[in-house]
Amino acid sequence: MILTKNTIFYQPLFGKALKLIVFFILVFHSTSLFAQSPENYDEDGNLILKNRKGFATGLYLGSYFPNSYSATLYDGYGFDFDGNKNTYENSWMYEKIINQYGGGYGQPDYIGEALGVPPEDWNFDESDMPANMRYKTAFLIGFTGRYSVDAKNAVLINVNAAILKAVGNFTITTRPLPGSTQVNNSIKQFNISGEEQRLHFQAGYQHLFGKGETFNVFMEGGLHATLAKFDKNEIEIENLRINLFEPYYDQNGGTTFFPGAKPVSLGFGAFAGLGVNIRTTGKWMLQLLYNVTLENIKITYDPKLTLNNALGLRAYYSLSKQ
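Remember, it's a predicted structure, so these values are computed and weren't measured experimentally.

**Considerations on the side chain of Thr226**
Here is step 1 of the chain: Mapped onto the elements, Thr226 comes out in strand S7 (residues 215-237).
Here is step 2 of the chain: The class for Thr226 is buried, based on a relative accessible area of 1%.
Here is step 3 of the chain: What Thr226 contacts, discounting residues up to four positions off in sequence, is Arg198, Leu199, His200, Ser265, Leu266, Gly267, Glu295 and Ile297.

**Quick look at unusual backbone geometry**
Here is step 1 of the chain: Look at Glu238: it is not a glycine, yet its phi comes out positive at around 55°.
Here is step 2 of the chain: Tracing the sequence through the fold places Glu238 in the loop between S7 and strand S8 (240-243).
Here is step 3 of the chain: Given a relative accessible area of 45%, Glu238 falls into the partly exposed group.

**Re the nonpolar core**
Side chains of a nonpolar character, in soluble globular proteins, are inclined to be buried together.
Here is step 1 of the chain: The biggest cluster of nonpolar side chains holds 46 residues, and the ones touching the most others in it are Ile111, Phe170 and Ile237.
Here is step 2 of the chain: Those elements giving two or more residues to this core turn out to be strand S1 (54-65), helix H2 (92-100), helix H3 (110-115), strand S4 (138-148), strand S5 (153-174), strand S6 (186-209), S7 and S8.
Here is step 3 of the chain: Once residues within four sequence positions are removed from consideration, Ile237 is found in contact with Ile97, Ile111, Ala114, Leu115, Phe170, Ile172 and Phe190.

**What to know about H2**
Here is step 1 of the chain: With respect to burial, H2 is a largely interior element, 7 of its 9 residues being buried.
Here is step 2 of the chain: For H2, every residue scored as buried is listed here: Trp92, Met93, Glu95, Lys96, Ile97, Asn99 and Gln100.

**Looking at the confidence of the model for the chain**
Detailed reading of predicted coordinates is not advised where the pLDDT is low.
Here is step 1 of the chain: Of all residues in the chain, 79% have pLDDT values of 70 or greater, and the mean over the chain is 84.
Here is step 2 of the chain: Looking across the chain, the model is least confident in helix H1 (residues 14-34), with a mean pLDDT of 47, and most confident in strand S3 (residues 134-135), with 98.
Here is step 3 of the chain: Low pLDDT, under 50, characterises residues 24-42; the stretch is placed with 30 contacts to residues that sit more than four places away or in other chains.
Here is step 4 of the chain: Here residues 45-49 is modelled with pLDDT under 50, and outside its nearest four sequence neighbours on either side it reaches 11 contacts, counting other chains as well.

**A look at the pattern of salt bridges**
Between side chains of opposite charge, a pair can form as their charged atoms come close.
Here is step 1 of the chain: All chains considered together, the criterion is met by 7 salt bridges.
Here is step 2 of the chain: When the shortest N-O distance is used, the salt bridge between Lys85 and Asp75 registers 3.1 Å. Of this pair, Lys85 sits in the loop between S1 and H2 while Asp75 sits in the loop between S1 and H2; the two residues are 10 residues apart in sequence, bridging distant segments of the chain.
Here is step 3 of the chain: Assessed through its relative accessible area of 5%, Asp75 is described here as buried.

**Some remarks on the packing of aromatic side chains**
Here is step 1 of the chain: Here the structure, examined in full by the defined rule, presents 13 aromatic pairs.
Here is step 2 of the chain: Ring centres of Tyr88 and Tyr94 lie 5.2 Å apart, and the angle between their planes is 80°; this geometry places the pair in the edge-to-face category.
Here is step 3 of the chain: The exposure class of Tyr88 is buried, given its relative accessible area of 9%.
Here is step 4 of the chain: Note on Phe230 and Phe245: the rings are 5.4 Å apart at their centroids and 45° apart in plane angle, and the pair reads as tilted.

**Concerning the pairing of strand S11 (residues 264-279)**
Here is step 1 of the chain: As defined by bridge partners, S7 adjoins S11 across 15 bridges and the pair is classed as antiparallel. Bridge assignment links Leu227 to a residue of S11, and that residue is Leu266.
Here is step 2 of the chain: Note that S11 and strand S12 (residues 284-296) share 10 bridges and pair antiparallel. Note on S12: the bridge partner recorded for Arg279 is Met285.

About the thresholds
Residues numbered from 1 in each chain as written. Predicted model: local features only at pLDDT ≥ 70, side-chain atom pairs only at ≥ 80, totals over all residues. Heavy atoms only, no water. Helix = DSSP H or I, 4+ residues; strand = E, 2+ residues; numbered from the N terminus. Buried < 20%, exposed > 50% of the residue type's maximum accessible area, 1.4 Å probe, protein only. Contact = heavy atoms within 4.5 Å. Core = buried A, V, L, I, M, F, W, Y, C linked by side-chain atoms within 4.5 Å. pLDDT = per-residue confidence, 0-100. Salt bridge = Lys/Arg side-chain N within 4 Å of Asp/Glu carboxyl O. Phe/Tyr/Trp six-rings, centres within 6.5 Å; stacked < 30°, edge-to-face > 60°. Pairing = 2+ DSSP bridges.

The structure is reproduced here in structure tokens:
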């Protein structure tokens, strides 16, 4: 079966995050202007540089653009108790669509009912399985800590979290009803989705360039770790929503279908970033940054290092005396 599947997979949150970032920049810039009191300048009107050494803590808000390599975990095949990808005959979608909801255990054909056709007039085989899983853009939020060695160099500790949604589609073929003017079989397309939790841990170094006191370009980099957890996997057929991970007990056959345990795993990599630092004359500091993370999402079938991107805003508050 040769199909063309044109689906809009996601509507990025980039625009919303960018608006928030611009808003915070304006707020912090205004704060900087109001904070410029006479005691911050010498007799010649020059800004008195303050001691920037010490600790600062704050929050991070951004948009996360995950690599879709690991989204294949949610393609409906599922995994066995050893974490290996199932065959089609052992897949979660086969078990749910053909056996549990398609009359395979001698129960009503709920799939046919949802499609509005008799049991013999619909078909689902391996060619209908999803092959286009993608992640949507997600919000990334977290806490950040910074120890300034001097005015230009600092050690970073970041902890960020995101909830990812993987989306794609699959197909089911139906025959025309008796008396219908339709000649060919109809290929119907339906949604499949997955949800995943990620927690990022970063430890690294940051350097500010230039001699400016208020605005600086900076670069950063260091070690990165991702704690990833499988959350759920679902399909929708018309108004019928099916949880692929839900255990099932067949009373007729006396057998239990159990998909296994939800995988959770920690993978290691690295991160690098580039951004603009905005410093007020008070205790606040703002950073607009673009980050690239090299992550290993170990819960997928064949884990490997992949590049992921994020654009965000950090707001620091200094805990040291100025």
